[in-house]
Amino acid sequence: MSSEITVFGSINMDLVVYSAKEPQKGETVIGSSFETFQGGKGANQAVAISRLGVPVSFVGKVGNDVFGNELLDALKKEAVDISAVQRSSEDSGTAFINVFEETSQNQIIVILGANALVNSDQVTEETLISSKILIAQLETPSGETEKLFKRSKKFDCYRILNTAPVHNLSNSLMDESDLLIMNETELATLSGESPSGQLTSTVLIKSLEKIALTSSQSVIVTLGSQGVFVYENKIGTLIPGLDVLPVDTTGSGDCFVGALAAQYLAHGNLVDAAYFANKAAALSVTKKGASASMPFLEEVVNFI
Ligand code: RIB
């Protein structure tokens, strides 16, 4: 493998039910459709990068099952390097997703399966030598991510941790990350306070200061339709959201992470990369599915 970006993370078969509205507790509603998509936060991020024309390697695990075959075929078609993906005796990861058409919001339950057995040893020294950027999320064991981030330090990799879904996140893993990308809910969990009212730079910085970070670490908070907040060298930049007609928001955070990494690799400017990724993520919500909704470079470049 000789990609400059490596994504260490999860891959799932997404089982998606679309319905007009969200059922109340105990209520049955008639859905509109059922579809399956290739998903998983790690795999979605790898597809986002590949569609932007940047070679990328994905490292993860799938089961010895039909879903595993389909998931790997899908990544191959997307030109993602999967040579370090391993098969596991556990079933492939699955995600049960409800998308509500009236609001375009979703609910997701993930069964980790093979993702829970992903191991940092799957990433070879050769991969770390070629990787300028390493990305991880929290659907694979956080202890393995921490080992990998520690190992990669001497190879000068820029380590991006997407804190989704926020669980089992140790302070030591946060310390090993150069950039943390989180959404508003994850920021509330990590800072112990829910920013309320207008999300101004002052409000967001107050929450971010509750998370013990060093001055060399940067944070990006994705704010859905409200845009993105970049916090670097103690300077906050609020990037406004873009006006699009949302169809399905699944994977938009992954699109942001992938697009940001691709653009940061090319130009090394975090704020510029966040402007670009904000556009890519806005485009992704206009299509159904997670990986399936990732935009191609031309679409992002020509957007607005
Ligand atoms: O971020 C969206 C992803 O979360 C879905 O593709 C699903 O598989 C879960 O990992």
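This section reports on the structure supplied with the text. Predicted model only: the values in this text are computed from it and were never measured.

The next thing to look at is the pattern of salt bridges. A complete count under the given rule lists 13 salt bridges for this structure. One salt bridge in this structure joins Arg51 and Glu78, with 2.7 Å as the shortest N-O distance. You can see Arg51 sitting in helix α1 (residues 41–51) and its partner Glu78 sitting in the loop between α2 (66–77) and β6 (86–88), a full 27 residues away along the chain. With respect to burial, Arg51 and Glu78 carry one shared label: buried. Measuring nitrogen to oxygen at the nearest pair gives 3.1 Å for the salt bridge that ties Arg159 to Asp178. With Arg159 in strand β10 (residues 158–162) and Asp178 in the loop between α5 (171–175) and β11 (179–183), this residue pair connects regions lying 19 residues apart in the sequence. Here Arg159 matches Asp178 in class, with each residue buried.

Close contact between α1 and helix α8 (residues 252–267) brings their axes to 8 Å; oriented N to C, the two are set at 50 degrees. Regarding the angle of α1 to α8, the classification is oblique. Seen along the crossing, α1 lies across α8 with a hand that is right-handed. Residues Lys41, Asn44, Gln45, Ala48 and Ile49 of α1 pack against Asp254, Cys255, Val257 and Gly258 of α8. Of the residues assigned to the contact of α1 with α8, the class counts are 4 nonpolar, 3 polar and 2 charged.

So, on to the layout of surface pockets. Roughly 1,400 Å³ of internal volume is contained in the largest pocket. Its residues assigned to classes, the lining of the largest pocket comprises 21 nonpolar, 22 polar and 7 charged.

We now examine the site of the ligand. Taken together, the residues surrounding the ligand are Asn12, Asp14, Gly39, Gly40, Lys41, Asn44, Ala95, Val110, Glu139, Gly251, Asp254 and Ala290. Here an oxygen atom of the ligand and a side-chain polar atom of Lys41 are 2.8 Å apart. Measuring from an oxygen atom of the ligand, one finds a side-chain N or O atom of Asn44 at 3.0 Å. Protein chains bury 97% of the 280 Å² of accessible surface belonging to the ligand in isolation. Placement of the ligand is best described as lying within the largest pocket. Taken together, the elements giving at least two residues each to the shell around the ligand come down to β2 (12–19) and α1. Of the residues that constitute the shell around the ligand, the class distribution is 3 nonpolar, 5 polar and 4 charged.

The subject of this paragraph is the environment of Gln24. Tracing the backbone through its elements, the reader meets Gln24 in the loop between β2 and β3 (33–39). According to the relative accessible area criterion, Gln24 is exposed, its value standing at 55%. In the structure, Gln24 is positioned 168 residues away from Gly192 in sequence and 29 Å away in space, judged by C-alpha atoms.

Analysis parameters
- Residues numbered from 1 in each chain as written.
- Predicted model: local features only at pLDDT ≥ 70, side-chain atom pairs only at ≥ 80, totals over all residues.
- Heavy atoms only, no water.
- Salt bridge = Lys/Arg side-chain N within 4 Å of Asp/Glu carboxyl O.
- Helix = DSSP H or I, 4+ residues; strand = E, 2+ residues; numbered from the N terminus.
- Buried < 20%, exposed > 50% of the residue type's maximum accessible area, 1.4 Å probe, protein only.
- Axes fitted to C-alpha atoms, helices over the stretch in contact; angles between N-to-C directions.
- Parallel < 35°, antiparallel > 145°, perpendicular 65-115°, else oblique.
- Left-handed = near helix turned anticlockwise from the far one by under 90°.
- Contact = heavy atoms within 4.5 Å.
- Nonpolar A, V, L, I, M, F, W, Y, C, P; charged D, E, K, R; others polar.
- 1 Å grid on protein atoms, 1.4 Å probe; cavity = no way out; pocket = protein on both sides within 12 Å on 5 of 7 lines; lining within 4 Å.
- Points joined across faces, edges and corners; volume = space filled by probe spheres on them.
- Near = heavy atom within 4 Å.
- Polar contact = N/O pair within 3.5 Å; in protein donor to acceptor, adjacent residues only side chain to side chain.
- Areas by Shrake-Rupley, 256 points an atom, 1.4 Å probe, with all protein chains shown as cover.
- Sits in = over half its atoms within 2 Å of the grid points.

It is worth stressing that arrangement in space is one thing and function is another; only the former is reported here.
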